[in-house]
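An overview of the molecular structure
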Amino acid sequence: MTSMNDSPKPFRVPSGTRDSRRHTPKVEMKGLYQRAVKESFVKLDPRIQVRNPVMFVVWVGTLVTLLLTFDPNLFGTLQADVNQQRLLNGLITFILLFTIVFANFAESVAEGRGKAQADALRATRSDTIAKKILPTGSVQEISSTELRRGDLVKVVAGDMIPADGEIIAGIGSVDESAITGESAPVLKQPGTDIMSSVTGGTRLLSDELTVRITADPGQGFIDRMIALVEGAERTKTPNEIALTVLLAVLTLVFLIVVANIPPITGYVASFLSTATSEQAAADLRNGASVAIMISLLVALIPTTIGGLLSAIGIAGMDRVAQFNVIATSGRAVEACGDINTLVLDKTGTITLGNRLAAEFIPVNGHGMEDVAQVALDASVFDETPEGRSIVALAERSGAKVSFDPKLAEGVEFSARTRMSGTDLDSKEIRKGAVDAIRGFVRSRGGHVPPTLDEAYERVSKLGGTPLAVCQNNEIYGVIYLKDIVKPGLKERFDQLRRMGVRTIMLTGDNRITASVIAQEAGVDDFIAEATPEDKIEVIRSEQAQGKLVAMTGDGTNDAPALAQANVGLAMNSGTQAAKEAANMVDLDSDPTKLIDLVTIGKQLLITRGALTTFSVANDIAKYFAIIPTIFAAAGIGALNVMGLKSANSAIISALIYNALIILVLIPLALKGVQFRPLTADQLLRRNILIYGVGGVIAPFIAIKLIDVILPFS
Amino acid sequence: MLQGWIQIVLTLLILVAITPFFGRYMARVFQEQRTILDPILNPVERFLYSLVGVRAKEDMTGWQYARAILYCNVVMGVLIFSIIMFQQFLPLNPTGIPAPTWDTALHTTISFITNTNQQHYSGETYLSYASQMWGLGYHMFTSAATGLAVGIAFIRGLTGRPLGNFYVDLIRAITRVLLPISIVGAIVLIAAGVPETLAGPAIVPTLEDPAISQAIARGPVAHFEIIKNLGENGGGFFAINSAHPFENPNGLTNLITLVSILSIPTSLIYTYGIFANNIKQAWLVYSIPFVILVGFIIITAIGEYNGNPAVNALLGVDQAPNLEGKEVRFGWAQSALFAVITTASMCGAVNSLHDSFMPNGGFSTLSNLFLQIVFGGQGTGTAYLFAYLILAVFITGLMVGRTPEFLGRKIEKREVVLASFLILLVHPIAILIPGAIALAFPDQLAGISNPGFHGLSQVIYEYASAAANNGSGFEGLGDSQPSPIAIAGGATTSATALWWNLSTCFSLLAGRYVPIAALLLLADSMARKQPVPATTGTLRTDTGLFTGVTIGVILILGALEFFPVLALGPIAEAFQIARGIG
Amino acid sequence: MLEAIAEIGSEWRRQKLPLYLFLGLCFNLILAPAVFAATSGDLSRTQAYWLGALVILTVALAIYLFFVMFVPERF
């Protein structure tokens, strides 16, 4: 049976609302944009550009148009005014250059934000002096960077903890605000499985600890987080790789298409020179000049998504970091979007860690007031949240403390007795697990009323934990301790269900209790009386059906399950083993964050898809702007549905649009497309309307506007 | 006018009506369920398997399947080339035709093993009956069956089954699908007036002057004709193909021809529905090419119905159908319908001269060839269509916030490489690059008869037809060597014909084997994936919305890359005619 | 002398880009006259040389994109 020995895991309620915690650590954001502007020119280095296939093609094109600005007749004599050609080619070169610069700017801003965040983190990790305990037992002061995994260090009050490690001796309170933003210090002690791990960069406030170092320098959590938010260790995620392939293929296709236009127009031009006029032939040849072909190529290849792709990825990692979660790879963040099943612990995740008193049930013919009075007396010295909630409920029922607490003595809860209470001179008042109280009463010569079992059954059926109260050898009643489902969780599970994510609750409670909580929280399924082995079993069976599973955990016995899950989120308060097995660590130790991570993962994928669709859809308008105007001499001018002024004006307008759209979409790329918890069909309909249909229409309007504004004839 | 449209609508209705029946039958055949022909054919098949030593039950991987196709095709190619080159030493050569030039023979060989049947020769004067029947007629079965096998293997892979065994699929495609229908069809055609004889040309006195006699070419046409259409081969027995009164004598044979051309590629989509156990999706996918097909038919038919304004002005009428290059017995409607269907389905038989169509027709037929999925080739068309679906899933699927999945299988790098390679890259490479080279040297290489926009269409059409394995021609190019008899009589070979024979071989091979290999590897990698169960968060591909999205993706990715050549070809020509020049 | 050649040889193995540039320019020596001949007098020799270089550049870009297509992980 469940009783107070199923004590809640140490769980910290994070202060403030989620939004107020979602902040970038105190970082210097000033000068971010100046630095990004500088960076975006530095990134014109071909060795950097070559890593982005779409933009590299633009880069090479810019080089060629630059040559053509100096000599427009470099690849063949055009029958046009040389100076005018120079001006046009110069303009094209300029716009192409800025297309690349804008793309670089997007990446630089994303990186800059990450760097700023990393700098703030790094400040906490400046070299500290570590007191290394040598095998001889003496202490040597060395730099924290010289510490290796397995070293023992001594930390005294006021010291910075030099690296990630596990406490092997001592108890002390640690200020972890540097990484979690949580001001209340946390008590750390060895052997407690949960609270024995410490993070480098946090400060010990009291007492003295001996810590075994568990990470080599540069391998700790903070180091990993820095590397990730800075984008230094960024490797492409599987989705990004597939998208890169598509972009490369599209670029290659348009390269082939455009490269074959000049010979084809050459053929038509030689026909026109005899059929209509030399002028028409010359116009057509000019329309297929190298500079214009490069412009057409750049307009058609997917520069919008090509330029913003890496910024989207970096910004996604950054969003995760802003949630105070460390991800070990971008792959894990992306996998969050694909999650089919969430495996959640009941305690601390679905319910508040503490049960609260909800009702007193009198037995043995006692009145409600008597039970409240006894319960209050038994709980006066109980400082646990349960105890305080009993006091509060009793006081609401009109009971008052009937003795002077100074004369009484508190009896602490112990795992052996499974009771706590108060001793007065003549009275022993106790509350505790029902069978423990039963035993206590019998030992004092009292008898157990049959109504006790009824009350016990009733509370269990409601999903609560029954506590019996007694005074001397007389049982007065049962306290109904209720699990409180976290507020707002039911709605979030509903959202998840709409997005196609199933939730499974794991609990050590019995079936009845579990099913009541499951119902109340709105989870899809639950496993009662679960052992740590069950956890991994659930994950395996879900994965066998092809599903992706996410879970949270903190204990050492969670480690195998965390490693087995596709997304394992470990609590920062958890053990080192758990943190190492997981692919994400939550610094706030808030397990519900897993739900936010699903949203972030989906948002990342949606942003990529939306911009890809937009970029591809834009091609229609660009085609209709450029092709009819540059081939106007072939008599297809009527296709110029936008009524653009001239070929030159059309080309320049399309290129300006092409460059500006990157700039315009940077905020979207960095913030991500707003996510709504809708079904796939609703999401597709909505996004196709905005980014697909919008992507077809928007450039028509924008290019026409630019054409009207441009002073070209 | 009304009559013409009724003909068109009726033909399309018949096609839609037979789809479920034929589709279900093919599903039975390739799921190895019992069919009506089993008692006769099972012993035959067992004998064949034991003869060639195929272990019938052994499934192949994508790569093995592709290799089997390649080996099989190389062997058949050598065989057909030898038959043509040695036709003068072989029987059934009543007119004693010597071997054609090596390049003509090579081009014909490759053209027939790739199910294209692009003909740079005239059947009557270049080839003996032996070459036509043993060389070409035999390949019309095997190349069509190869395409069908690829389509089926692709469907199997997509729906998570092993790909199957190429040799088994090839034999079943011939014995259960192509051969039975061809036997029945040929008999019907004979009844409708198509000749089937081994006798040489008939020598008859002309009506005008009985003293002068005339040779009328004939031969074993009927059996050749039905597989030409059913297998989407399209290589006519006679030079003018289905316009010839012996190949396609009347309205009934024309209807049989049209229905047999489109029956397999349409029904195969239904077969997919049975394999995937999702008939609804099959019909939605079916609607994609159907809508495009109807659109092209309307565009073409309107152009032909209104006729050429320049000609009409000469005739002094407002409107008269364009009958230039058409058989009067088919008229504008059936000619327009035939032209669109034959290019849509990669058959390539023609009952009118595509060169003489109004630019609307040029636009539709070229676009059909560029897209390749307007039902498309035997087996491959359906596979291409699903490759487009995969691409559409990949591009738009991210927008629902999950890694894109098709039928529960994740679309990842490998699938994107194969699908985009297949759909987006092969075609421009095989059409635009040789096309641009030919147009850069219009006199030396291309030998264009109609310079200008129309000439551009002719050149691009020839390569598009080769790359899409269609085989029809816009014609008007110097692509034929003189006939063997003429060469024996001292005619000189042509340099442009040599260029065309060899350069189209490149497009033929690139357009056939690269996509087949890619399709099979794609199917293989899809089959090996662990399917993910569908949830409300999964992008559903069997909805009207997604079907619409796919049409958009097809038009943007498949057609826009050819917009510049369409603009300078048929579109410019249309404006030119509208302005009244030329 | 031999050492110098050996050094150039080993440098070549490390520095791929200059090697490719050099080979491209060498190939252009063959391509440019062909371009010049094919355009039958429309272009000057210099223009033919530049056009040849442009063709090689385009082909090189296409090869680069093919490379990206097959090993996107490295980009």
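Computed from a predicted model, the values in this text were never measured in an experiment. (Residues numbered from 1 in each chain as written. Chains lettered and ligands numbered in written order. Predicted model: local features only at pLDDT ≥ 70, side-chain atom pairs only at ≥ 80, totals over all residues.)

Looking only at helices and strands, chain C features three helices and zero strands. Listing each helix as α and each strand as β along chain C from the N terminus yields α-α-α. Relative to a compact globule of 75 residues, whose C-alpha radius of gyration would be 11 Å, chain C shows 16 Å and is clearly more extended. When the backbone C-alpha atoms are referred to their principal axes, chain C occupies close to 45 × 40 × 15 Å. By the burial criterion, 24% of the 75 residues in chain C qualify as buried. (Helix = DSSP H or I, 4+ residues; strand = E, 2+ residues; numbered from the N terminus. Rg over C-alpha atoms; globule rule 2.2 N^0.38 Å. Buried ≥ 20, exposed ≤ 12 C-beta atoms within 10 Å, placed from the backbone.)

This brings us to the overall build of chain A. A count of helical and extended segments in chain A gives 25 helices and 22 strands. Each of the three principal axes of chain A carries a C-alpha extent, and together these read 125 × 60 × 45 Å. When the 713 residues of chain A are sorted by exposure, 57% land in the buried category. Of the contacts made within chain A by residues no fewer than 6 positions apart, 70% connect residues no fewer than 24 positions apart. (Contact = placed C-beta atoms within 7 Å.)

Quick look at helix α13 (residues 330-338) of chain A now. For α13 of chain A, the buried fraction is high: eight of the nine residues fall into the buried class. Within α13 of chain A, the full set of buried residues consists of G330, A332, V333, E334, A335, C336, G337 and D338 of chain A.

Once that is clear, we can look at the interface of chain C and chain A. Taken together, the contacts link 17 residues of chain C with 18 residues of chain A. Along the lines of polarity and charge, the residues of the side of chain C that touches chain A split into 13 nonpolar, two polar and two charged. (Nonpolar A, V, L, I, M, F, W, Y, C, P; charged D, E, K, R; others polar.)

Split by domain assignment, chain A resolves into domain 1 (31-116 + 232-318 + 600-709), domain 2 (325-350 + 486-587) and domain 3 (351-485). Using only C-alpha atoms to locate each centre, domain 1 of chain A and domain 3 of chain A end up separated by 74 Å. (Domains from an automatic or database assignment.)

Here we take up the sheet that holds strand β19 (residues 525-527) of chain A. Residues and elements named next belong to chain A. Here seven strands make up an open sheet; going across it, the order is β10-β22-β21-β20-β11-β18-β19 and the pairing mixed. Sheet topology places β10 (325-327) and β19 at the edges, where each strand pairs with a single neighbour. Direction aside, neighbouring strands of the sheet carry axes that sit 20° apart on average. Judged from the three bridges that link them, β10 and strand β22 (residues 584-586) form a sheet pairing that is antiparallel. Residue pairing in the sheet places V325 in a bridge with D586 of β22. On the sheet, α13 packs against β10, β20 (549-553), β21 (567-571) and β22 and is oriented at approximately 110° with respect to β21. (Pairing = 2+ DSSP bridges. Axes fitted to C-alpha atoms, helices over the stretch in contact; angles between N-to-C directions.)

This next bit is on the interface of chain B and chain A. Between chain B and chain A, the residue contacts involve 57 residues of the former and 60 residues of the latter. Where the side of chain B that touches chain A is concerned, the elements lending two or more residues are α14 (380-397), α15 (413-440), α17 (453-467), α20 (544-559) and α21 (563-579) of chain B. Ranked by residues supplied to the side of chain B that touches chain A, first place goes to α15 of chain B with 14 residues. Of the residues that constitute the side of chain B that touches chain A, the class distribution is 37 nonpolar, 14 polar and six charged.

With that out of the way, let us pick up the sheet that holds strand β5 (residues 172-175) of chain A. Residue and element names in this part refer to chain A. As summarised here, the arrangement of the three strands in space is β6-β5-β8, forming an open sheet in which the pairing is antiparallel. Whereas interior strands pair on both sides, the edge strands pair on one side only; in this sheet they are β6 (186-188) and β8 (203-204). Pairing of β5 with β8, which is carried by two bridges, proceeds in the antiparallel orientation. Directly across from D175, in β8, lies its bridge partner R203.

Turning to the pairing of strand β4 (residues 165-169) of chain A, a few remarks are in order. Residue and element names in this part refer to chain A. Sheet analysis places β4 next to strand β7 (residues 197-198), joined by two bridges and oriented antiparallel. Residue pairing for β7: G165 is matched across the bridge by V198. Taken together, the four bridges between β4 and strand β9 (residues 208-213) define a ladder with antiparallel strand orientation. Each bridged residue has a counterpart across the sheet, and for A169 the counterpart in β9 is T210.

Here we take up the pairing of β21 of chain A. Residue and element names in this part refer to chain A. Burial of β21 is extensive: five of the five residues sit out of reach of the surface. Residue alternation in β21 divides its side chains into two sets, V567, L569 and M571 and G568 and A570, and both sets are buried. Relative to β21, β20 runs parallel, the two being bridged by four bridges. Paired with T552 across the bridge in β21 is L569. In this view, the connection linking β20 to its parallel neighbour β21 by way of helix α21 (residues 559-564) has right-handed handedness. Sheet topology note: the β21/β22 ladder contains three bridges and is parallel. Within the sheet, the bridge partner assigned to A570 lies in β22 and is V585. (Right-handed = clockwise from strand over helix to strand, strands pointing away.)

Backbone geometry follows two general trends: most residues other than glycine have a negative phi, and most peptide bonds adopt the trans configuration. Residue and element names in this part refer to chain B. Although it is not a glycine, F375 sits at a positive phi angle of roughly 75°. Assignment of secondary structure puts F375 in the loop between α13 (359-371) and α14. Even without a glycine there, the phi angle at L407 is positive, about 50°. Locating L407 in the fold gives a position in the loop between β3 (405-406) and β4 (409-410). Residue class for L407 comes out buried when judged on the 21 C-beta atoms lying within 10 Å of it.

An α-helix turns once every 3.6 residues. As a result, residues three or four positions apart point the same way. Residues and elements named next belong to chain B. The end-to-end C-alpha distance of helix α1 (residues 2-30) is 41 Å, a good match for the 42 Å that 29 residues give at a rise of 1.5 Å each. If you look at α1, its biggest bend is around 40°, right at T19, and the proline P20 turns up within four residues after that. Within α1, burial applies to I8, T11, L15, T19, F22, G23, M26, A27, V29 and F30. Contact partners of the buried residues in α1: α6 (129-158), α7 (166-192), α9 (251-276), α10 (279-306) and α12 (331-344). Backbone geometry just downstream of α1 places E32 in the positive-phi region, at approximately 55°. (Expected span 1.5 Å × (residues − 1). Bend = angle between axes of the 7 residues up to and from the residue.)

Attention shifts here to the confidence of the model for chain A. Looking at chain A as a whole, the pLDDT averages 84, with 90% of positions reaching at least 70. Across residues 1-26 of chain A, confidence stays below pLDDT 50; counting only partners more than four residues off in sequence or on other chains, it has 49 contacts. (pLDDT = per-residue confidence, 0-100.)

Attention now goes to the confidence of the model for chain C. All names here are of chain C. With 96% of its residues at a pLDDT of 70 or more, chain C has an overall mean of 85. The secondary-structure element of chain C with the lowest mean pLDDT is helix α1 (residues 2-14), recorded at 74, while helix α3 (residues 45-70) shows the highest, at 93. For this predicted complex, the interface score ipTM comes out at 0.94, while the overall pTM is 0.88.

What follows deals with the environment of N73 of chain A. Following the sequence through the fold, N73 of chain A ends up in the loop between α4 (53-70) and α5 (82-123). With 216 residues separating them along the chain, N73 of chain A and S289 of chain A place their C-alpha atoms 9.5 Å apart.

Moving on, we come to the environment of V75 of chain B. Residues and elements named next belong to chain B. Mapped onto the secondary structure, V75 falls in helix α3 (residues 62-85). Residue classification places V75 among the exposed positions, given that 11 C-beta atoms sit within 10 Å. In this structure, the C-alpha to C-alpha distance between V75 and Q7, residues 68 residues apart in sequence, is 43 Å.

Once that is clear, we can look at the packing of helix α25 (residues 680-709) of chain A against α20 of chain B. Running from amino to carboxyl end, α25 of chain A crosses α20 of chain B at an angle of 30°, the nearest separation of the two axes being 11 Å. In this structure, α25 of chain A meets α20 of chain B at a crossing whose hand is left-handed. Between α25 of chain A, through D681, L684, R685, I688 and G692 of chain A, and α20 of chain B, the contact on the second element is made entirely by L545, V549 and G552 of chain B. The class makeup of the residues in the contact of α25 of chain A with α20 of chain B is four nonpolar, two polar and two charged. (Left-handed = near helix turned anticlockwise from the far one by under 90°.)

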